[in-house]
Amino acid sequence: MPLNLPINLPAINLLKKEHIFVMDSLRASEQDIRPLRVVVLNLMPLKITTETDLVRLLSNSSLQVELIFMKIKGHKPKNTPIEHLMEFYKDFDEIKNECYDGMIITGAPVELLDFKDVTYWDELTDIFRWASRNVTSTLYICWAAQAGLFHFYNIPKYNLPAKLFGIFKHRVNDPFVPIFRGFDDEFYVPHSRHTEIRKADIQQVPALTILSESKKAGVYMVMARGGREFFITGHSEYSPNTLHDEYVRDTKKRLPINIPENYYRDDNPANPPVVRWRSHANLLFTNWLNYYVYQETPYRTEDIRKLGDLSQ
């Protein structure tokens, strides 16, 4: 089954050109199927790009998924037209009384700030608490993973001496966890961040399990409550040119930036990137939808609240 997307969402036409099967909400309403409802809190500055990246991966499943996009009410993004946000995005107030099968919370360009100095921190933590009770399984990505671990478990983040930037090799700690179904023993993930979480801190919290890590990039995936939450420090959803665009942008601004590691062919920015992470990214999102959303969520979405929350 394809994704069920809002009519006129830009990602629909972009992905149809890649022969990816998506359909709008009008056509989906004609099918007698209860779709999985997944809400995406998009904190990234280039929202249309992030929408397209996530839709590309979530569409690679036999499940019908209805996507609902959410924004922070108290923050006005500079890089997305207000008309786009008004047409396709909802505020927390509009959805907080509902339950969802899955949720994705993206990264945000605020990682060098202390968490509590982020202007929308209070609203964000309200959403975190709501998700722990009203969503079957939530993916926290990059900065959101750090923020979620700090909010729920008091795990600190640390500044890195230089930006971790490139494609890095990771290992699977437990190949029998369903999120890794079909994974190789080693796989690659894009990273682009100035901060890190540390293994020693996470190991002090019995409720957390480190599922995957990297010699160079450190902790990659942490699981809580048997898969009700996944905290993922990398950007598996990135398209082939995302790191290139970041490198060109920062170079033009004369910001301190190194060539992304293990990215360009022969490590030469004049050459195209070598995509090493696409198969892992597709498996990650497909496995999450199948094993932690579809197979765990109640048929009646309101029964999700009976699964318990992180306050228990």
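Scroll up for the structure.
Quick summary incoming for the structure in this document. (Residues numbered from 1 in each chain as written. Predicted model: local features only at pLDDT ≥ 70, side-chain atom pairs only at ≥ 80, totals over all residues. Heavy atoms only, no water.)

Quick word on the overall build of the chain
- Looking only at helices and strands, one finds 10 helices and 12 strands in the chain.
- Looking at the chain as a whole, 56% of its 312 residues qualify as buried.
- Intrachain contacts of the chain at a sequence separation of at least 6 include 73% that bridge at least 24 residues.
- Of the roughly 14,800 Å² of accessible surface on the chain, 49% is carried by carbon and sulfur atoms. (Helix = DSSP H or I, 4+ residues; strand = E, 2+ residues; numbered from the N terminus. Buried < 20%, exposed > 50% of the residue type's maximum accessible area, 1.4 Å probe, protein only. Contact = heavy atoms within 4.5 Å. Areas by Shrake-Rupley, 256 points an atom, 1.4 Å probe, with all protein chains shown as cover.)

What about the packing of aromatic side chains?
- On inspection of all chains with the given rule, the structure shows 19 aromatic pairs.
- A ring pair is formed by Tyr-100 and Trp-130, whose centres lie 6.0 Å apart and whose planes are at 65°; its orientation type is edge-to-face. Taken together, the residues span a long stretch of sequence, with Tyr-100 in strand 6 (residues 100–105) and Trp-130 in helix 6 (residues 121–134) at a distance of 30 residues. Side by side, Tyr-100 and Trp-130 carry an identical accessibility label, which is buried.
- With a centroid separation of 5.1 Å and 80° between ring planes, the pair formed by Phe-183 and Phe-187 is classed as edge-to-face. The pair Phe-183 / Phe-187 is uniform in exposure class, with both members buried.
- Taken together through their ring pairs, the aromatic side chains of Phe-128, Tyr-140, Phe-152, Tyr-153 and Phe-231 make up a single cluster.
- The aromatic ring of Phe-115 is capped on one face by Lys-157, whose charged end is 5.0 Å from the ring centroid.
- For Arg-276, the ring lying beneath its charged end belongs to Tyr-188, and the centroid distance is 5.8 Å. (Phe/Tyr/Trp six-rings, centres within 6.5 Å; stacked < 30°, edge-to-face > 60°. Lys NZ or Arg CZ within 6 Å of the ring centre and 35° of its normal.)

Focus: the packing of helix 3 (residues 47–58) against helix 10 (residues 278–294)
- It is at 8 Å that the axes of helix 3 and helix 10 come closest, and there the two elements cross at 70°. Here helix 10 runs roughly perpendicular to helix 3, going by the angle between their axes. Here Leu-54, Leu-57 and Leu-58 of helix 3 come into contact with helix 10, specifically with Ala-281, Asn-282, Phe-285, Trp-288 and Leu-289.
- Grouping the constituent residues of the contact of helix 3 with helix 10 by class yields 7 nonpolar, 1 polar and no charged. (Axes fitted to C-alpha atoms, helices over the stretch in contact; angles between N-to-C directions. Parallel < 35°, antiparallel > 145°, perpendicular 65-115°, else oblique. Nonpolar A, V, L, I, M, F, W, Y, C, P; charged D, E, K, R; others polar.)

Some words on the pattern of salt bridges
- Taken as a whole and assessed by the stated rule, the structure comprises 19 salt bridges.
- Between Lys-163 and Asp-250 there is a salt bridge, with the nearest N and O atoms lying 3.7 Å from each other. On the criterion of sequence distance, the pair formed by Lys-163 in strand 8 (residues 158–172) and Asp-250 in helix 9 (residues 242–252) is long-range, its members being 87 residues apart. Of the two residues, Lys-163 and Asp-250, both sit in the buried class.
- Glu-229 is paired through a salt bridge with Arg-225; the nearest N and O atoms lie 2.5 Å apart.
- Residue classification places Glu-229 among the buried positions, given a relative accessible area of 1%. (Salt bridge = Lys/Arg side-chain N within 4 Å of Asp/Glu carboxyl O.)

Comments concerning the nonpolar core
- One finds Met-103, Trp-130, Trp-143 and Leu-208 to be the most contacted residues of the largest nonpolar core, which totals 41 residues.
- Once residues within four sequence positions are removed from consideration, Leu-208 is found in contact with Leu-149, Tyr-153, Ile-155, Ile-202, Val-222, Met-223, Ala-224 and Phe-231. (Core = buried A, V, L, I, M, F, W, Y, C linked by side-chain atoms within 4.5 Å.)

Considering the packing of helix 6 against helix 7 (residues 143–153)
- At a closest axis distance of 11 Å, the pairing of helix 6 and helix 7 adopts a crossing angle of 80°. With respect to each other, helix 6 and helix 7 are oriented roughly perpendicular. Residue-level contacts link Trp-121, Leu-124, Thr-125, Phe-128, Arg-129 and Ser-132 of helix 6 to Trp-143, Ala-144, Ala-147, Gly-148, Phe-150, His-151 and Phe-152 of helix 7.
- Taken together, the residues of the contact of helix 6 with helix 7 break down into 8 nonpolar, 4 polar and 1 charged.

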